[in-house]
Amino acid sequence: QNNAKVAVLGASGGIGQPLSLLLKNSPLVSRLSLYDIAHTPGVAADLSHIETRANVKGFLGPEQLPECLKGCDVVVIPAGVPRKPGMTRDDLFNTNASIVAALTSACAKHCPEAMICVISNPVNSTIPITSEVFKKHGVYNPNRIFGVTTLDIVRANAFVAELKGLDPARVSVPVIGGHAGKTIIPLISQCTPKVDFPQDQLEKLTGRIQEAGTEVVKAKAGAGSATLSMAYAGARFVFSLVDAMNGKEGVIECAFVRSEETESPYFSTPLLLGKNGIEKNLGIGKISPFEEKMVAEAMSELKASIKKGEEFAKNFK
């Protein structure tokens, strides 16, 4: 039943365009609804010429948003402003918080049952915002709201493979915690295949995974943040989710979700996905003392970002 109806909110942007291309290229997608406040008719026209079966439609501006969302199974939200050199993800808060609150409010009204996949940073705050917005509309289901942290996993896999001379497609590193700086916690001890690094190399590798976004922001020198790798990671997450919704068994992805696994009310861990979103939170599992220390050190920043998102949502009209 490969008939997923997917909406991309922010489809004309740096992440939105390549993400929409990857979704259009997938046999899993039957309808692709593209929304943005500029350029969507052009992006939609361009993508509609691709010889795959997904039917593409572009929607422009807030008055067309309800129509875009009707009947959607999955909504992916890369909308918002990108980071510039010297900015943290939290510096994007004021702009992106309002954008995410407005878009998820429309989702709560027009496709309350859809799976909501938020890419817009700071994810550590935009996911609590999304939850609070859905609660306000009385349609909150924590099993259907995901902060997409897949890029951290993709990067960890790529960097480990590079250091060990392995095929990156066969490397799998769970990354837990959040999606900013030291809240990004790669569990190298749980990597398959098993890998070992001396402590100094392990610390350097961990630091690189945590700051990989900044590596791209610097390299792009003011022209944006990670867009192509983020589009790849976003598509990977959506395909996993749709596979699971179609009844495929054993689909596991990490994502930043409502969680009881730690003292933080939201936390990313490996999740078993199913027809209704999160089937089972697989938790943190056995971790090394080095990783335990990282989890402990991430807590205060995580909780502060979550609280900031919740406070924002309370006052959002």
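The model shown is predicted, which means the values in this text are computed figures rather than measured ones.

Engineer: In this structure, what is going on with the packing of helix α5 (residues 123–136) against helix α10 (residues 289–315)? I would like to understand it.
Structural biologist: Helices that pack against each other are described as a pair by the angle of their axes relative to one another and the distance between those axes. Interhelical geometry of α5 versus α10 gives an angle of 35 degrees and a closest axis separation of 7 Å. In the packing of α5 onto α10, the handedness of the crossing is right-handed. Between α5 and α10, the residues in contact are N124, S125, P128, I129, E132 and K136 and L302, S305, I306, K308, G309, E310, F312, A313 and K314, respectively. Per-class residue counts for the contact of α5 with α10 are six nonpolar, four polar and five charged.

Engineer: Could you clarify how one ought to interpret the pairing of strand β10 (residues 266–274) in this entry?
Structural biologist: Along a regular strand, successive side chains alternate from one face of the sheet to the other. β10 sits mainly inside the fold: eight of its nine residues count as buried. Pairing of β10 with strand β11 (residues 277–281) involves four bridges; the strand directions are antiparallel. Of the residues in β11, the one forming a bridge with L273 is I278. Here β10 hands over to β11 after two residues, the two strands then running antiparallel side by side.

Engineer: Hey, could you run me through unusual backbone geometry in this one?
Structural biologist: The phi angle of most residues is negative, glycine excepted, and most peptide bonds adopt the trans form. N121 connects to P122 through a cis peptide bond whose omega is -5 degrees. Inspection of the secondary structure assignment puts P122 in the loop between β5 (115–118) and α5. Each neighbour pair has its own omega, and for T192 with P193 the value is -5 degrees, a cis peptide bond. Considering the arrangement of structural elements, one finds P193 in the loop between β8 (184–186) and α7 (199–210). For H39, which is not a glycine, the phi torsion comes out positive at approximately 65 degrees. Along the chain, the position of H39 falls in the loop between β2 (29–36) and α2 (40–48). Of note in the backbone geometry, A221 takes a positive phi value of approximately 45 degrees without being a glycine.

About the criteria used
Residues numbered from 1 in each chain as written. Predicted model: local features only at pLDDT ≥ 70, side-chain atom pairs only at ≥ 80, totals over all residues. Heavy atoms only, no water. Axes fitted to C-alpha atoms, helices over the stretch in contact; angles between N-to-C directions. Helix = DSSP H or I, 4+ residues; strand = E, 2+ residues; numbered from the N terminus. Left-handed = near helix turned anticlockwise from the far one by under 90°. Contact = heavy atoms within 4.5 Å. Nonpolar A, V, L, I, M, F, W, Y, C, P; charged D, E, K, R; others polar. Buried < 20%, exposed > 50% of the residue type's maximum accessible area, 1.4 Å probe, protein only. Pairing = 2+ DSSP bridges.

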